[in-house]
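Structure at a glance
Below are the chains, spelled out letter by letter.
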Amino acid sequence: MVKKWQSGLNDPERVVIFGKIDPTEIADFHRSGNIALIPSLEEGLPNVAMEAAATRNLVIANPVGGIPELITDAVNGLLCDSNNEEGLYKKMKWAVDNKDQIESLKDAVIKKVNTDFSSKDFGKKYFELYKDILKSS
């Protein structure tokens, strides 16, 4: 299905499909990309989404688990209806065919990462969340 999708693109040579990536090469892999596809049907907030967003990749994902905390459809990424292959296909095709329009989404996702998921504040935010939970119990 993925190969068929690739062959139907306006510029299929712009899309490279990788298999398994060595864990020591993940950061460089993300830096070399432009789009991260996360078609998961169940997730928490996946590291791959955070890593891709932090390296200014467009994230295309299903709105499951914590993904909508990071990605807002057409604001800083693209969300599909879960378990909808046609919807996922349309989002991927749109992104590849509209490379100029995805730049604003990529700018917005890096701002979201820096504002809401900064490693400088992340631990403090977790601590405050747990304090609030303990107060209410």
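Going by the structure above, here's the rest.
To keep things clear, this report deals only with the structure shown in the data block. In this text the structure is predicted, and so the values were computed from the model without any measurement.

1. Regarding the pairing of strand E1 (residues 35-38)
Taking every second residue as pointing to the same face, the buried face of E1 carries Ala36 and Ile38, while none of Ile35 and Leu37 on the other face is buried. Bridge analysis of E1 against strand E2 (residues 58-61) gives 4 bridges, and the strand direction is parallel. Opposite Ala36, over in E2, you have Val59 as the bridge partner. Running through helix H3 (residues 47-54), the crossover from E1 to the neighbouring parallel element E2 is right-handed.

2. Re the pairing of E2
Burial along E2 is two-sided: Leu58 and Ile60 and Val59 and Ala61, pointing in opposite directions, are all buried. Of the strand pairs in this sheet, E2 and strand E3 (residues 78-79) are connected by 2 bridges, and their pairing is parallel. Residue pairing across strands places Ile60 opposite Leu78, the latter belonging to E3.

3. Brief notes about the environment of His30
You can see His30 is positioned in helix H2 (residues 26-31). By relative accessible area, His30 is classed as buried at 7%. Residues His30 and Gln101, spaced 71 residues apart in sequence, show a C-alpha to C-alpha distance of 20 Å. The contact partners of His30, leaving out residues within four places of it in the chain, are Val48, Glu51, Ala52, Thr55 and Asn57.

4. With respect to the nonpolar core
If you look at the biggest cluster of nonpolar residues, it comprises 16 residues, and the most contacted ones within it are Ile38, Ala53, Val59, Ala61, Ile67, Leu70 and Ile71. Top contributing element to this core by residue count: H3, with 4 residues. Ignoring any residue separated from it by four or fewer positions in sequence, one finds Val59 in contact with Ala36, Ile38, Ala49, Ala52, Ala53, Ile71, Gly77 and Leu78. Core analysis: the second largest hydrophobic core is formed by 13 residues, Trp5, Leu58, Leu78 and Ile102 among them.

5. Describing a nonpolar patch on the surface
Together, Phe122, Tyr126, Leu129, Tyr130 and Ile133 line one region of the surface with nonpolar side chains, adding up to about 480 Å² of accessible area. Here Phe122 shows up in helix H7 (residues 119-136).

Procedures and definitions
Residues numbered from 1 in each chain as written. Predicted model: local features only at pLDDT ≥ 70, side-chain atom pairs only at ≥ 80, totals over all residues. Heavy atoms only, no water. Buried < 20%, exposed > 50% of the residue type's maximum accessible area, 1.4 Å probe, protein only. Helix = DSSP H or I, 4+ residues; strand = E, 2+ residues; numbered from the N terminus. Pairing = 2+ DSSP bridges. Right-handed = clockwise from strand over helix to strand, strands pointing away. Contact = heavy atoms within 4.5 Å. Core = buried A, V, L, I, M, F, W, Y, C linked by side-chain atoms within 4.5 Å. Patch = residues over 30% accessible without salt bridge, like charges linked within 9 Å, V, L, I, M, F, W, Y side chains within 5 Å. Areas by Shrake-Rupley, 256 points an atom, 1.4 Å probe, with all protein chains shown as cover. Salt bridge = Lys/Arg side-chain N within 4 Å of Asp/Glu carboxyl O.

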